[in-house]
Amino acid sequence: LCAAEPPRGQPQTLRFFRCQPEQAEAAFVQALAADPRSIYRKEKCADAPYYLNLDGIDAVCRFTGKVVTVERVRLREGGEDVDS
C-alpha cells in the first residue's frame, strides 16, 4: 500500500514517482536517450560526467558516442543524500 504522504517524522522521498519506480526508471531512460546535454557540453566537455536529477533521484552519467553509462544513482531523502 502506498500512502499519499509519508508517515509523520519520515522524510519525503519521491514526489512525482511515489510508488512508481518503473515509471521513474523509464523517465530516466527517456531523458538520457534524448541526450539532454547542451551543445557546449557535447563539444567542449564530452568526457566530463553529466549530472541529472529527476524527482529527487540524482544520477551521474557519462556519454561516449551514442552510449550512456550511468555510474551512480542516489536517492535524496529530506535534503540528505542516501546511497542506493
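Above this text you will find the structure in question.
A brief report on the enclosed structure follows. (Residues numbered from 1 in each chain as written. Predicted model: local features only at pLDDT ≥ 70, side-chain atom pairs only at ≥ 80, totals over all residues. Heavy atoms only, no water.)

### What to know about the overall build of the protein chain
Within the protein chain, the secondary structure is distributed over two helices and four strands. From first element to last, N terminus to C terminus, the protein chain shows the α and β order α-α-β-β-β-β. Summarising the internal contacts of the protein chain: among those between residues at least 6 apart in sequence, 31% fall at separations of at least 24. Of the roughly 6300 Å² of accessible surface on the protein chain, a fraction of 52% belongs to carbon and sulfur atoms. (Helix = DSSP H or I, 4+ residues; strand = E, 2+ residues; numbered from the N terminus. Contact = heavy atoms within 4.5 Å. Areas by Shrake-Rupley, 256 points an atom, 1.4 Å probe, with all protein chains shown as cover.)

### Some thoughts on unusual backbone geometry
The phi torsion at D35 lies on the positive side, around 50°, for a residue other than glycine. Relative to the helices and strands, D35 is located in the loop between α1 (21-33) and α2 (39-44). With relative accessibility at 19%, the residue D35 sits in the buried group. (Buried < 20%, exposed > 50% of the residue type's maximum accessible area, 1.4 Å probe, protein only.)

### Quick word on the nonpolar core
Counting twelve residues, the largest nonpolar core consists of L14, F17, A24, A27, F28, L32, Y50, L52, I57, A59, C61 and F63. In contact with F63, other than residues within four places in its own chain, are L32, D35, P36, R37, A46, Y50 and V68. (Core = buried A, V, L, I, M, F, W, Y, C linked by side-chain atoms within 4.5 Å.)

### A few points about the packing of aromatic side chains
Taken as a whole and assessed by the stated rule, the structure comprises one aromatic pair. Relative to F63, the ring of Y50 has its centre 6.0 Å away and its plane inclined at 80°; by these criteria the two rings are edge-to-face. One end of the pair, Y50, is in strand β1 (residues 50-54); the other, F63, is in strand β2 (residues 57-64), with 13 residues separating them in the sequence. For the pair Y50 and F63, one class covers both residues: buried. (Phe/Tyr/Trp six-rings, centres within 6.5 Å; stacked < 30°, edge-to-face > 60°.)

### A word on the side chain of D58
Inspection of the secondary structure assignment puts D58 in strand β2. There is a polar contact of 2.3 Å between the side chain of D58 and the side chain of N53. (Polar contact = N/O pair within 3.5 Å; in protein donor to acceptor, adjacent residues only side chain to side chain.)

### A short note on the pairing of β1
The pairing of β1 with β2 spans five bridges and is classified as antiparallel. Note on β2: the bridge partner recorded for L52 is A59. (Pairing = 2+ DSSP bridges.)

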